[in-house]
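Each chain, written out:
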Amino acid sequence: FENVLSMEDLSAADVLEFIKEASQFKNGKEVTLTRPVYASNLFFENSTRTHTSFEMAERKLGMNVVNFDPSTSSLSKGESMADTVKTLQAIGVDLVAIRDRKNEYYKDLVEDPNVHLGIANGGDGSGQHPSQSLLDMMTIYEEFGHFEGLKVAIIGDLAHSRVARSNMEVLTKLGAKVYFGGPEKWFNEDFAEYGEWREIDELVPEMDVMMFLRVQHERLAADENGSFSDVKYHETYGLTQARERRMKDDAIIMHPAPVNRDVEIADELVECDRSRIFAQMSNGVFIRMAILASMLRYRGLIEE
Ligand code: CP
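What you see is a predicted model; the values in this text were computed from it and never measured.

Caption draft 1: Region of interest: the environment of P205. For P205, the position within the fold is in the loop between α8 (200-203) and β8 (209-212). Separated by 48 residues in the primary sequence, P205 and I253 place their C-alpha atoms 13 Å from one another. When near neighbours in sequence (up to four residues on either side) are disregarded, P205 contacts R246 and K248.

Here you go:
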């Protein structure tokens, strides 16, 4: 791929291909680059997992990582994202991973005839998070070996979630059945197209995957934050220990993290046997290797 920006651009076959190559990387596959390749990670919005695992993936593929810190960059002098990206390109950067709070920030970049470097979207506002979605699909595939007919509930802060938008789209494409839960005010017609909303107590005994979303306090209105109660949210919408005991025997718990412990998921369940939360993070490195490898391959930078 020239760039990896949105799950909307990927077919079911593309997703399976990414999972296949990521699994090969997980099993030790190595690649040789045709020349020194340089990558940089531009995170204009905070991140732990996506930022560090893109960097780990770049290093494991043998790329050189050029450090970029927005807080000490010339963004503070008013330089735009486009000029920042073109500057990195001019100094020799081949690929960038970018996260920004603006939905579809990448459109201006890919439509700019002077931008040639590869862009991996590390998350755009409440739009898309393709590398998270692909690592989620890898984790589900590792567990069940298929997607067809699986019941997957996406529960929580749907309104602000790029993970929900990315995953409802791709899970449907792959043949899974999607359900939604959490505060009904965060469920709207965008989601209704992909699945129905249900109370968590109805979802718990039926789902193969219970995927929880973080309550994104930084994107809630001040009045919503003011009236928010962690305890009430957990009791009404969260995975309590009593609810976990009602899950199907082989059902798994997922969350893109960071987790608000005792809000979306009871503290004791974050690392329980059926939780795949840290496995998701590990898979994130290999999926990002597969994403970057596809962009390197597009540019003839991998020896085949
Ligand atoms: N899941 C995820 O995107 O985490 P970070 O915000 O830490 O990158």
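This is not the end of the story, as more comes after the structure.
Caption draft 2: Here's a closer look at the sheet that holds strand β2 (residues 64-66). Read from one edge of the open sheet, 4 strands run β2-β1-β3-β4, paired in parallel fashion. The two strands at the open ends of the sheet, each matched to only one other strand, are β2 and β4 (118-124). On average, each strand axis in the sheet is tilted by 20° relative to the strand beside it, whichever way the strands run. As judged from the 5 bridges shared by strand β1 (residues 38-43) and strand β3 (residues 95-100), these two strands associate in the parallel manner. Bridging across to β3, N41 finds its partner in A97. The sheet strands contacting helix α2 (residues 49-60) are β1, β2, β3 and β4, and the helix crosses β1 at an angle near 180°.

Caption draft 3: Seen up close, the pairing of β8. Burial of β8 is two-sided: the residues V209 and M211 facing one way and the residues M210 and F212 facing the other way are all buried. Alignment of strand β5 (residues 151-155) against β8, held across 4 bridges, turns out to be parallel. By the bridge assignment, I155 is partnered in β8 with F212. When β8 meets strand β9 (residues 252-254), the two strands line up parallel, connected through 3 bridges. Across the sheet, the residue bridging to M211 is M254, located in β9.

Basis of the calculations
- Residues numbered from 1 in each chain as written.
- Predicted model: local features only at pLDDT ≥ 70, side-chain atom pairs only at ≥ 80, totals over all residues.
- Helix = DSSP H or I, 4+ residues; strand = E, 2+ residues; numbered from the N terminus.
- Contact = placed C-beta atoms within 7 Å.
- Pairing = 2+ DSSP bridges.
- Axes fitted to C-alpha atoms, helices over the stretch in contact; angles between N-to-C directions.
- Buried ≥ 20, exposed ≤ 12 C-beta atoms within 10 Å, placed from the backbone.

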